[in-house]
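# Tertiary structure, described
Residue-level listing of the chains:
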Amino acid sequence: MGAVRFGVHDVVNIRFAVSPLGETVASFRAALDPGRHAVHLPWLRAAVPLLGDRELAQRTAPLADLVRRTPVADALTPPPRCPLSEIEEELALAAIGAEPADAVRAWWRAAVEPHWPCMRALLEADIAHRTRQLAEDGIQEVFAHLHSTLSWEGDRLVSPCLPSPRPGRDDVVLDLGGAGITLAPTVFAPECRLLAAGGTTPPALVYPARALGTLWERRDRAGDGLARLMGRSRAMLLAHTSSPSTTTQLAARTGLSTGAVSQHLAVLRDAGLVTSHRYRREVHYTASDLGTALLGTA
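The sections below set out a description of the structure shown in this document.

What counts, and at which threshold
Residue indices begin from 1 for each chain and proceed along its sequence in written order. Residues qualify for local features only when their pLDDT is at least 70, as the model is predicted, and side-chain atom pairs are given and counted only at 80 or more; totals for whole chains, interfaces and linings, by contrast, use all residues. The side-chain figures draw on all heavy atoms in the structure; neither hydrogens nor water molecules are used. A run of H or I in DSSP becomes a helix once it reaches four residues, and a run of E becomes a strand once it reaches two; helices and strands are each numbered from the N terminus. Any two strands with at least two DSSP bridges between them are considered paired. Take the number of residues in a helix, subtract one, and multiply by 1.5 Å to get its expected span. A pocket here means an open set of points on a 1 Å grid, computed over the protein atoms alone, that has protein on both sides within 12 Å along at least five of seven lines. A cavity is instead a set of points where a 1.4 Å probe fits but cannot get out; residues with an atom within 4 Å of a point line either one. Grid points are joined across faces, edges and corners, and a volume is the space filled by probe spheres set on the points. Throughout this entry, Asp, Glu, Lys and Arg are counted as charged residues, while Ala, Val, Leu, Ile, Met, Phe, Trp, Tyr, Cys and Pro are counted as nonpolar. The remaining residues, Gly among them, count as polar. Throughout, a contact is declared for two residues whenever any of their heavy atoms are within 4.5 Å. Angles here are taken between N-to-C directions and fall from 0 to 180 degrees, while the axes themselves are lines fitted to C-alpha atoms, restricted in helices to the stretch in contact. Geometric relationships in this document are graded by angle, where less than 35 degrees denotes roughly parallel, more than 145 denotes roughly antiparallel, 65 to 115 denotes roughly perpendicular, and other angles denote oblique. The set of buried Ala, Val, Leu, Ile, Met, Phe, Trp, Tyr and Cys residues whose side-chain atoms join them within 4.5 Å is what this entry labels a nonpolar core. Exposed residues in this analysis have more than 50% of their type's maximum accessible area, buried residues have under 20%, and partly exposed residues fall in between, with area computed by a 1.4 Å probe over protein chains only.

### Quick notes on the environment of Arg 29
Structurally, Arg 29 can be placed in helix 2 (residues 20–32). A C-alpha to C-alpha distance of 8.7 Å links Arg 29 and Phe 188, two positions 159 residues apart in sequence.

In structure tokens form, the structure reads like this:
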């Protein structure tokens, strides 16, 4: 049983992040061992045959070699830094060499990038839920619901997935020392794990995201009654704002142009069916309580 000690400054410095690099490597592991990832069967049906493609197999061979030789928490997946990380940013920080990096890119483009808008939407929805929970109930409640193996005891987070104490010692292995910790939801990793950090980068606790069973559900068709009421495009967009989404993400998911998405979102927002909030340089749209109720009725 391992544990991490939290001080006052560590609680203040808790943040959330998404890692496209981590998801890419974890998805490759899932494709190599599909029996452990039945929840992703619709994706696996397309991804596993890619491993048999001669050209792609050659390009991803360095990644396959590293994955088979190294544990899950390794240099391939350094702690993510923010919710808006891009895979190229993370590859620049991962000391894995040019050939493995090219192999990661090849798998990303073939197996992950086409589905990334849906994956990222699920991860962002998880973060939105946790941050609201943090605001309403506090960090202890957040940790209590991250994963069944995690528990909060005094000033420590305790779990079998955390590093165990050294033999003969009863103290924690990791004292955050005021740097805080990053909480990173994941689509593909089946259990929690701690990614150690170096320098000023805080460690990251990776945990399975909520509602994974809904990831591969088709949401392209809104209810016919709702479509007749507001038009099929607006009904479809409203269905896709069940998690925070940008106009670019919504355009990728629906096949509509970004201009059309912006126009429809303006109408939905004026009607009180979606809300918007800015994060850095992006505006995220989310179904309001009224919009969610309307979708539920449909």
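### Description of the sheet that holds strand 1 (residues 2–5)
With mixed pairing, the 4 strands of this open sheet are ordered in space as 3-4-1-5. Two strands in the sheet have a free side with no partner beyond their single neighbour: strand 3 (151–153) and strand 5 (174–175). Two elements, strand 1 and strand 5, share 2 bridges in a ladder whose sense is parallel. Residue pairing in the sheet places Val 4 in a bridge with Leu 174 of strand 5.

### Thoughts on helix 13 (residues 258–270)
Along its 13 residues, helix 13 runs 18 Å from first to last C-alpha, staying within 8% of the 18 Å computed at 1.5 Å per residue. One or two steps after helix 13, the chain reaches Gly 272, where phi turns positive at roughly 80 degrees.

### Describing the pairing of strand 4 (residues 156–159)
Taken residue by residue, a regular strand's side chains alternate between the two faces of the sheet. In the sheet, strand 1 pairs with strand 4 via 4 bridges, with the strands oriented antiparallel. Along strand 4, the bridge assignment pairs Arg 5 with Arg 156. In terms of strand pairing, strand 3 meets strand 4 through 3 bridges, oriented antiparallel. Paired with Glu 153 across the two strands is Arg 156, which belongs to strand 4. The antiparallel hairpin formed by strand 3 and strand 4 contains 2 residues in its connecting segment, where Gly 154 sits at a positive phi of about 65 degrees.

### Considerations on unusual backbone geometry
In the Ramachandran plot, Ala 211 falls in the positive-phi region, its phi being about 60 degrees despite a non-glycine side chain. Residue placement: Ala 211 occurs in the loop between strand 8 (204–208) and helix 10 (224–230).

### Description of empty space enclosed by the protein
Tallied over the entire structure, the rule returns 1 cavity of 30 Å³ or more. Within this model, the largest cavity holds a volume of roughly 80 Å³. Considering the residues around the largest cavity, the lining is formed by 14 residues, among which Ser 19, Gly 22, Glu 23, Arg 193 and Val 206 are closest to the centre. Secondary structure elements with two or more residues in the lining of the largest cavity: helix 2, strand 6 (182–186) and strand 7 (193–195). In terms of residue class, the lining of the largest cavity is built from 8 nonpolar, 4 polar and 2 charged.

### Observations concerning the sheet that holds strand 7
Spatial ordering of the open sheet is given by 2-6-8-7, a layout of 4 strands whose pairing is mixed. At either end of the open sheet lies a strand with only one pairing partner, and these are strand 2 (15–16) and strand 7. Running at roughly 135 degrees to strand 6, helix 8 (residues 116–137) makes contact with strand 2, strand 6 and strand 8 of the sheet.

### Here's the deal with the packing of helix 2 against helix 7 (residues 98–112)
Taken N-terminus to C-terminus, the directions of helix 2 and helix 7 make an angle of 75 degrees; their axes are 10 Å apart at the nearest point. Taken together, the axis directions place helix 2 and helix 7 in an arrangement best described as roughly perpendicular. The segment helix 2 lies against helix 7, with Pro 20, Leu 21, Thr 24, Ser 27, Phe 28 and Ala 31 engaging Val 104, Trp 107, Trp 108 and Val 112. Broken down by class, the residue content of the contact of helix 2 with helix 7 amounts to 8 nonpolar, 2 polar and no charged.

### Re the layout of surface pockets
Roughly 570 Å³ of volume is contained in the largest pocket. Forming the walls of the largest pocket are 22 residues, and the residues nearest its centre are Ala 125, Arg 210, Ser 242, Ser 243 and Pro 244. Secondary-structure elements contributing two or more residues to the lining of the largest pocket are helix 8, strand 10 (282–287) and helix 14 (289–297). In terms of residue count, helix 8 provides more of the lining of the largest pocket than any other element does, 8 residues in total.

### Observations concerning the nonpolar core
With 57 residues, the main nonpolar core has Trp 43, Trp 107, Met 119, Phe 143, Leu 183 and Leu 205 as its most contacted residues. Where this core is concerned, the elements lending two or more residues are helix 2, helix 3 (41–47), helix 5 (61–69), helix 6 (87–93), helix 7, helix 8, helix 9 (139–144) and strand 8. Apart from residues no more than four positions distant in its own chain, Met 119 is found in contact with Trp 43, Val 112, Val 187, Phe 188, Leu 215 and Trp 216. Listed in part, the 15 residues of the second largest apolar core include Leu 238, Leu 250, Val 261 and Tyr 285.

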